Amino acid sequence: MKQNPWPGLNYLKAEIRALIIKMVSLICIIFLLVWITGTSCFSASKCDRVTLGFISDYIPLPKDVSVVFKQEKEYFCEVILKINDSLVPVYCTETSVLAGQLFQNKTSITQKTLNSIPELIEKERQQSLKEMALKREKIYGLLKQKVEALDNFVSISFKPETINTHVYVISDPGCSHCKNLLTQLWPAAERSNTEIRLIIYPMGKAESLAMASTAICEEYSFQDYIHIKQGDTAAPTCALADQMIPKTIRFFQSAGLFSVPVVLAGDGSWVVDTSDINLVRFYLGMVQFLESTDLSRLVLHFYAHCTKNKPGISFLGLYCHRMIQV
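Here the residue numbers are simple positions, counted from 1 along each chain's written sequence. Only residues with pLDDT of at least 70 get local features here, since the model is predicted, and only at 80 or more are side-chain atom pairs given and counted; chain-wide, interface and lining totals rely on the full set of residues. For side-chain calculations, the full set of non-hydrogen atoms in the structure is used, while hydrogens and water are omitted.

A. Just the overall build of the chain, in detail. Counting secondary structure elements, the chain contains 10 helices and 13 strands. Three labels apply to residues, based on accessible area from a 1.4 Å probe with only protein chains included: buried if under 20% of the type maximum, exposed if over 50%, partly exposed otherwise in between. For the chain, the residues scored as buried account for 39% of the 326 residues in total. Contacts between residues were defined by any pair of non-hydrogen atoms, one from each residue, lying within 4.5 Å. Partitioning the intrachain contacts of the chain with sequence separation of at least 6 by distance along the chain shows that 62% fall at a separation of at least 24. Carbon together with sulfur atoms contributes 56% to the accessible area of the chain, which is approximately 19400 Å² in total. In this text, helices come from DSSP runs of H or I with a minimum length of four residues, and strands from runs of E with a minimum of two, each type numbered from the N-terminal end. Values of accessible area rely on a 1.4 Å probe in the Shrake-Rupley scheme; residue burial ignores everything except the protein chains shown.

Structure follows, in structure tokens:
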């Protein structure tokens, strides 16, 4: 029988085996812990991984979007997004995203959340008003600078017997708000001795393009244009319309104008981008006090005025530092 030259070798082997078993056990425990925490990390902190990148993996997001508020709920992460000056609620789980109001037991969870953060909502509203006013001033500031070029796009005009001033009206023939404004603007212009120079700006719809072509080719009067209806006749074509319509669309799209009606003073001193006739009547000097049903538009007009004047200067009985406190 062969003797072991080193009596302690068996003890060493036993110790190595025990150490290997401990290491394997430790590795298994570590893997088990990683697996457990990995599968439960979303439920432990539901909002940690919820970012715009995470949300955009499930629903398309525009460029102008930001996270206004988010909080952890029992089964999901509740997020309030700001998209194009609007607040949009979003609810995220580990594998899905739901956009829209959430109800539970006939109660709006979304509304409860919004009611719990009034200061934040007001801050975002104020910021939206400011951004809208600045954006508006940028667009219409460009139009004011190019006011002398607008005569190149006029297709129809209304001239009272006596003319003291003139305005440009940018209108889409398929726009009902435009027609409502023009119907009220006609008598106002006659009373204030204001010429109306109408620019037909179809916003891309086939119906509007056809109506624009009809009005230009058949040389509609101002009254004819007010009463134009979709599909009255087959849209005619003529060289003037083929030239005028694309030229008009290119010009106003390049200026960033994608909303009508717009009324612009002949000298570029004021602009109204709403169908509220009271604003136009005020600028035409027909009324001393501004009465408008469109409060948000009034706020934008007031704020735009304040950006050009020092805070505290009175404007229409208001003060600039209180303009957007509505």
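B. Up close: the nonpolar core. In this structure, Leu143, Ile170, Phe252, Leu257 and Val280 are the most contacted members of the largest nonpolar core, which totals 54 residues. The residues touching Phe252, leaving out its near neighbours within four places in the chain, are Leu143, Leu150, Ile170, Ile199, Tyr201 and Leu257. Nonpolar cores are built from buried Ala, Val, Leu, Ile, Met, Phe, Trp, Tyr and Cys residues. Side-chain atoms within 4.5 Å join them into one set. Counting residues in hydrophobic clusters, the runner-up holds 13 residues, among them Ile59, Val65, Val90 and Cys92.

C. Expanded view of the side chain of Glu78. For Glu78, the position within the fold is in strand S2 (residues 77-83). Polar contacts, as used here, are pairs of N or O atoms within 3.5 Å; protein pairs need one atom able to donate a hydrogen and one able to accept it. Residues neighboring in sequence count only if both atoms are side-chain atoms. Among the polar contacts listed, one links the side chain of Glu78 to the side chain of Tyr91, at a separation of 2.9 Å. A polar side-chain atom of Glu78 sits 2.7 Å from a polar atom in the side chain of Thr113. When residues no more than four places from it in sequence are discounted, the contact partners of Glu78 are Phe69, Lys70, Gln71, Lys73, Val90, Tyr91, Ile109, Thr110 and Thr113.

D. Representation of the state of the cysteines in the model. The criterion for a disulfide is a pair of cysteine sulfur atoms lying within 2.5 Å. Inspection of every chain in the model, using the stated rule, returns two disulfides. Each disulfide pairs two cysteine sulfurs, and for Cys217 the partner residue is Cys238, the sulfurs being separated by 2.1 Å. Classification of the bridge connecting Cys217 and Cys238 rests on its S-S torsion, roughly -90°, and on that basis the disulfide is left-handed. With Cys217 in helix H6 (residues 206-217) and Cys238 in the loop between helix H7 (222-226) and helix H8 (239-254), this residue pair connects regions lying 21 residues apart in the sequence.

E. Fine view of the sheet that holds strand S3 (residues 86-92). With antiparallel pairing, four strands are arranged side by side in an open sheet as S1-S2-S3-S4. The open sheet has two edge strands, strand S1 (65-72) and strand S4 (97-99), and neither has a second partner. In this sheet, neighbouring strand axes are inclined to one another by 25° on average, regardless of whether the strands run parallel or antiparallel. The criterion for strand pairing is that DSSP finds at least two bridges linking the strands in question. Across three bridges, the pairing between S3 and S4 is antiparallel. Looking at S4, one finds that Val90 is bridged to Ala99. To get an axis, a line is fitted to the C-alpha atoms, and for a helix only the part in contact is used. The angle between two axes follows their N-to-C directions and goes from 0 to 180 degrees.

F. Representation of the sheet that holds strand S10 (residues 262-265). The mixed open sheet is built from five strands, whose spatial order is S7-S9-S8-S10-S11. Only two strands of the sheet have a single neighbouring strand rather than two, namely strand S7 (154-158) and strand S11 (271-272). Both strand S8 (residues 165-171) and strand S9 (residues 194-200) contribute to a ladder of seven bridges, which runs parallel. When the bridges of S9 are listed, Ile170 appears paired with Ile199. Strand contacts of helix H5 (residues 176-191): S7, S8, S9 and S10, with the helix running at about 155° to S9, the strand carrying the most contacts.

G. Expanded view of helix H3 (residues 109-116). Those residues of H3 that fall on the buried side of the exposure criterion are Ile109, Thr110 and Thr113. Across the axial projection of H3, the buried residues extend over an arc of 105°, all falling on one side. Residues of H3 that are exposed and point over 90 degrees away from its buried face: Lys112 and Asn115. Against the buried residues of H3 lie S1, S2, S3, strand S5 (103-104) and strand S6 (107-108). The arc in question is the one spanned by the directions pointing from the helix axis to the C-beta atoms.

H. Broad picture of the confidence of the model for the chain. As a per-residue measure, pLDDT tells how confident the predictor is, with possible values from 0 to 100. Per-residue confidence for the chain averages 77 on the pLDDT scale, and 71% of its residues sit at or above 70. Ranking the elements of the chain by mean pLDDT puts strand S13 (residues 318-319) last, at 33, and S9 first, at 96. Taken as a whole, residues 35-43 scores under 50 in pLDDT and shows seven contacts with residues more than four places along the chain or in a different chain. Here residues 302-326 is modelled with pLDDT under 50, and outside its nearest four sequence neighbours on either side it reaches 39 contacts, counting other chains as well.

I. Summary view of unusual backbone geometry. Following Val260, the chain continues into Pro261 via a peptide bond in cis, with omega recorded as 10°. By secondary structure assignment, the location of Pro261 is in the loop between H8 and S10. Even without being a glycine, Asn193 presents a positive backbone phi close to 55°. With a phi close to 50°, Glu219 is a non-glycine residue in the positive phi region. Along the chain, Glu219 turns up in the loop between H6 and H7.

J. Inspection of the environment of Lys82 at higher detail. Among the secondary structure elements, Lys82 is positioned in strand S2. Lys82 gets classed as buried once you look at its relative accessible area, which sits at 9%. With 16 residues separating them along the chain, Lys82 and Ser66 place their C-alpha atoms 5.3 Å apart. When neighbours within four sequence positions are excluded, Lys82 is seen to be in contact with Asp64, Val65, Ser66, Val68, Leu87, Glu124, Gln127, Ser128 and Glu131.

K. Structural context of the packing of aromatic side chains. Each Phe, Tyr or Trp ring, with Trp reduced to its six-membered ring, pairs with another whose centre is within 6.5 Å; inter-plane angles below 30 degrees give stacked pairs, above 60 give edge-to-face pairs, and intermediate values give tilted ones. With the rule as written, the count across this model stands at 11 aromatic pairs. Where Phe76 meets Tyr91, the ring centres are 5.3 Å apart and the plane angle is 90°; that geometry is what we call edge-to-face. Of this pair, Phe76 sits in the loop between S1 and S2 while Tyr91 sits in strand S3, placing them 15 residues apart in sequence. With a centroid separation of 6.5 Å and an interplanar angle of 70°, the aromatic rings of Trp186 and Phe222 are classed as edge-to-face. Of this pair, Trp186 sits in helix H5 while Phe222 sits in helix H7, and the two are 36 residues apart along the sequence. For Trp186, a relative accessible area of 25% translates into the label partly exposed.

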